[in-house]
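In case you want the letters, here they are:
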Amino acid sequence: RGGTWIMKPIGRAQGKGIWIASKPSQIEQWMKERGMGKAENNVCYENFVAQRYLEDPYLVGGKKFDMRIYAVCLSYNPLRV
């Protein structure tokens, strides 16, 4: 499928390590080339999230945003959150 894709490394912030692909085949090629290489910290394999890039995102006050929702699990059986 076409469109623009954005690759985001897990565990980084402020746009570090993000790159753009114009087709999924570029991501597949990148995965083959990097193999099982180590992350910058040389300790573990770095994971990425691939998502379709939104050309016109919803803005609040002219800025992008995300929602983080936290919940406390009071009981597992029965489940109470």
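Every value quoted in this text rests on a predicted model; they were computed, and no experiment measured them. (Residues numbered from 1 in each chain as written. Predicted model: local features only at pLDDT ≥ 70, side-chain atom pairs only at ≥ 80, totals over all residues. Heavy atoms only, no water.)

Time to look at the packing of aromatic side chains. Under the definition given, this model contains three aromatic pairs. When the ring of tryptophan 30 is compared with that of phenylalanine 48, the centres are 4.9 Å apart and the planes differ by 75 degrees; the resulting orientation is edge-to-face. In this pair, tryptophan 30 sits in helix α1 (residues 24-34) while phenylalanine 48 sits in strand β3 (residues 48-52), placing the two residues 18 residues apart along the sequence. Taken together, Trp19, Trp30 and Phe48 form an aromatic cluster joined through their ring pairs. (Phe/Tyr/Trp six-rings, centres within 6.5 Å; stacked < 30°, edge-to-face > 60°. Helix = DSSP H or I, 4+ residues; strand = E, 2+ residues; numbered from the N terminus.)

Our next topic: the sheet that holds strand β1 (residues 5-9). Taken together, three strands build an open sheet; the order of strands is β2-β1-β3 and the sheet is antiparallel. Lying at the two open borders of the sheet, with one neighbouring strand each, are β2 (19-21) and β3. Here the strands of the sheet are splayed against their neighbours by 25 degrees on average, with no regard to which way each runs. In this sheet, β3 lies alongside β1 in antiparallel orientation, the contact comprising five bridges. Bridge pairing links methionine 7 to alanine 50 in β3. Lying on the sheet, α1 is in contact with β1, β2 and β3; it crosses β2 at an angle near 125 degrees. (Pairing = 2+ DSSP bridges. Axes fitted to C-alpha atoms, helices over the stretch in contact; angles between N-to-C directions. Contact = heavy atoms within 4.5 Å.)

With that out of the way, let us pick up a nonpolar patch on the surface. Where nonpolar side chains cluster on the molecular surface, the patch consists of Tyr58, Val60, Phe65, Met67 and Ile69 and spans about 650 Å² of accessible area. Within the fold, methionine 67 resides in the loop between β3 and β4 (75-76). (Patch = residues over 30% accessible without salt bridge, like charges linked within 9 Å, V, L, I, M, F, W, Y side chains within 5 Å. Areas by Shrake-Rupley, 256 points an atom, 1.4 Å probe, with all protein chains shown as cover. Salt bridge = Lys/Arg side-chain N within 4 Å of Asp/Glu carboxyl O.)

Let us now look at the pairing of β1. Here β1 lies mainly inside the structure; four of its five residues are buried. Alignment of β1 against β2, held across three bridges, turns out to be antiparallel. Within β2, the position partnered with tryptophan 5 by the bridge is alanine 21. (Buried < 20%, exposed > 50% of the residue type's maximum accessible area, 1.4 Å probe, protein only.)

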